[in-house]
Amino acid sequence: MSEQMIPAARPIIGDEEREAVDRVLRSGMVAQGPEVAAFEEEFAAELAGSRPTVAVNSGTSGQHLGMVALGLGPGDEVIVPSFTFAATANSVAVTGATPVFVDIDLDTFCIDPSAIEGAITERTVGIQPVHLYGHPAEIDTIAEIAGRHGLWVAEDAAQAHGATWKGRQVGTFGRFGMFSLYPTKNMTSGEGGMVACEDEELARAVRLLRNQGMEVQYANEVAGFNNRMTDLHAAIGRVQLTRLVGWTAQRRANAAALDEGLAGIAGVVAPVVREGAEHVYHQYTIRLDGASAAERDAFAAALREEHRVGCGVYYPTPVHRLPSFGLDLDLPVTERAAREVLSLPVHPSLTENDLERIVAAVAAVAAGGAA
Ligand SMILES: *Cc1c(COP(=O)(O)O)cnc(C)c1O
């Protein structure tokens, strides 16, 4: 019990980030300005195929503004997975439109493309897949289905900075792709988000909505919000962006070590990586095959309390069943994933000893019959 807790996630903030914030503070200009503009350019070049990219104050804001810019509103339906963070569906619901929840693929935990067509109605306008845990959804197939039905695609890439599908970066397939910069994500700006847009016209619409509908001050063209990013946050994000490639490589190396260590442990299914996918391991999520939610929760408690290994359940309740939506739907794979998933630490600060401890702890708890 004297061992140190291995945290489930650990944002890395260093001297360079502190110096960057200090530089902005000393400039006396802290709201949206040149740091945000530079961050947008750098982020787009590094992660979004140089698409016109708009920085906002959170991933959720970005997703919301993207939806408003696409004209989403009451009467419209957007197809989303239910096994995700609530923001995916909230961004649709807060416009007055209706999220239509479909099931996922048990291997990748991403939306099941074969479930999409059955959910399309005359009200459907778009599809919003999620690149969950950093594994790309089958976005080319989804885009093909959308194209055939005259629908748009918006990507929730909140957890997938730098992930690729068949060599192309996620967030660059749809009308827009949203990236989150929340502290536990693969990179952070404190809070923040990026909206990578397919064309300049959509980017301009998002920029207007971000800033009260103004491009020229006090010449408001549309009714908008204040969802601006500050230069303080952008300065942090710019430093983090320079580290992302190294951190992602470390996450992938950590995942490979966990894959190797966990192979052969009965009842534990390591993350599946689809052919054509480059996984960035925002989470390293195992499945306790056949477990009930109570058994999975006991497994998690044993890892934390007996072995001091942090872990998390993302997400214990499918979004459609949350009180905010309160729907009774038949999504068996979603329900199963919600019972069986458990995310182990994979963040870049793990040491070799940490990785060994994680593997040994999972093996011990699995052998102890907690699951
Ligand atoms: C984090 C996250 C969001 C929201 O991003 P914020 O920056 O926290 O607003 C949306 N979707 C998913 C899948 C997320 O993980």
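One numbering rule holds for all chains: residues counted from 1, following each sequence as written. Only residues with pLDDT of 70 or above have their local features reported here, since the model is predicted, and side-chain atom pairs are shown and tallied only from 80 upward, although totals for entire chains, interfaces and linings are computed over all residues. The basis for every side-chain value is the complete set of heavy atoms in the structure, and neither hydrogens nor water enter the calculation.

The protein chain appears in an unreviewed UniProt entry as DegT/DnrJ/EryC1/StrS aminotransferase family protein from Brachybacterium kimchii. UniProt's Sequence similarities (unreviewed entry) comment on the protein chain is quoted here verbatim: "Belongs to the DegT/DnrJ/EryC1 family." UniProt positions are given in the numbering used here, feature names are shortened, and annotations may be inferred rather than shown by experiment. Check the Cofactor (unreviewed entry) section of the UniProt entry for the protein chain; it says "pyridoxal 5'-phosphate".

Asker: Even after reading the chapter, I still don't get unusual backbone geometry, so can you show me in this structure?
Answerer: Omega for the peptide link from tyrosine 314 to tyrosine 315 comes to 15°, which places this bond in the cis form. Unlike most non-glycine residues, phenylalanine 109 shows phi in positive territory, near 65°. Secondary structure elements are taken from DSSP: a helix is a run of H or I of four residues or more, a strand is a run of E of two residues or more, and numbering for both begins at the N terminus. Within the secondary structure, phenylalanine 109 sits in the loop between β3 (98-102) and β4 (124-127). According to the relative accessible area criterion, phenylalanine 109 is buried, its value standing at 4%. Despite not being glycine, tyrosine 133 has its phi angle at roughly 65°, a positive value. Along the chain, the position of tyrosine 133 falls in the loop between β4 and α5 (139-149). Partly exposed residues are those whose accessible area sits between 20% and 50% of the maximum for their type, while under 20% is buried and over 50% is exposed, using a 1.4 Å probe and protein chains only. Residue classification places tyrosine 133 among the buried residues on the basis of a relative accessible area of 3%.

Asker: It is not clear to me how the nonpolar core should be interpreted in this structure. Could you clarify?
Answerer: Soluble globular proteins tend to bury their nonpolar side chains together. To qualify as a nonpolar core, a set must consist of buried Ala, Val, Leu, Ile, Met, Phe, Trp, Tyr and Cys residues joined through side-chain atoms within 4.5 Å. Counting 57 residues, the largest nonpolar core has Phe83, Tyr284 and Leu303 as the members making the most contacts within it. Among the elements of the structure, β3, α5, α7 (231-262), β12 (284-288), α8 (293-307), α9 (332-340), β13 (341-344) and α10 (352-367) are those that each provide at least two residues to this core. Here the element with the most residues in this core is α10; it accounts for 7 residues. The contact criterion used throughout is that any non-hydrogen atoms of two residues lie within 4.5 Å. Those residues in contact with tyrosine 284 that sit more than four places away from it in its chain are Ala255, Leu258, Asp259, Leu262, Ala270, Pro271, Leu342, Ser343, Leu344 and Val346. Counting residues in each nonpolar core, the second largest holds 26 residues, with Ala89, Phe176, Cys197 and Ala203 among its members.

Asker: It is not clear to me how the domain arrangement of the protein chain should be interpreted in this structure. Could you clarify?
Answerer: Accessible area lost when the parts come together is the quantity often used to give the size of an interface. You can read the domains of the protein chain as domain 1 (15-239) and domain 2 (244-368). Delimitation of the domains relies on an automatic or database domain assignment. For domain 1 versus domain 2, the separation of C-alpha centres amounts to 25 Å. Between domain 1 and domain 2, the residue contacts involve 39 residues of the former and 35 residues of the latter. Here domain 1 meets domain 2 over a buried area of about 3,200 Å², counting both sides, of which 63% is carbon and sulfur. Computed with a 1.4 Å rolling probe, the buried area is the accessible surface lost when two parts are put together, summed over both parts. Area buried by domain 1 at its contact with domain 2 is led by Leu106, Tyr133 and Asn186, which between them contribute 23% of it. In the sections that follow, a salt bridge refers to a side-chain nitrogen of Lys or Arg positioned within 4 Å of a carboxyl oxygen of Asp or Glu. There are 3 salt bridges connecting domain 1 and domain 2. Its salt-bridge partner being glutamate 138, residue arginine 274 comes within 3.6 Å of it at the nearest N-O pair. We call two N or O atoms a polar contact when they sit within 3.5 Å, provided that within protein one can donate a hydrogen and the other can accept it, with sequence-adjacent residues counted only if both atoms are side-chain atoms. For the pair domain 1 and domain 2, the interface holds 17 residue pairs in polar contact (both at pLDDT 80 or more). At the level of secondary structure, the elements contributing two or more residues to the side of domain 1 that touches domain 2 comprise α2 (34-47), α4 (87-93), β3 and β6 (164-165).

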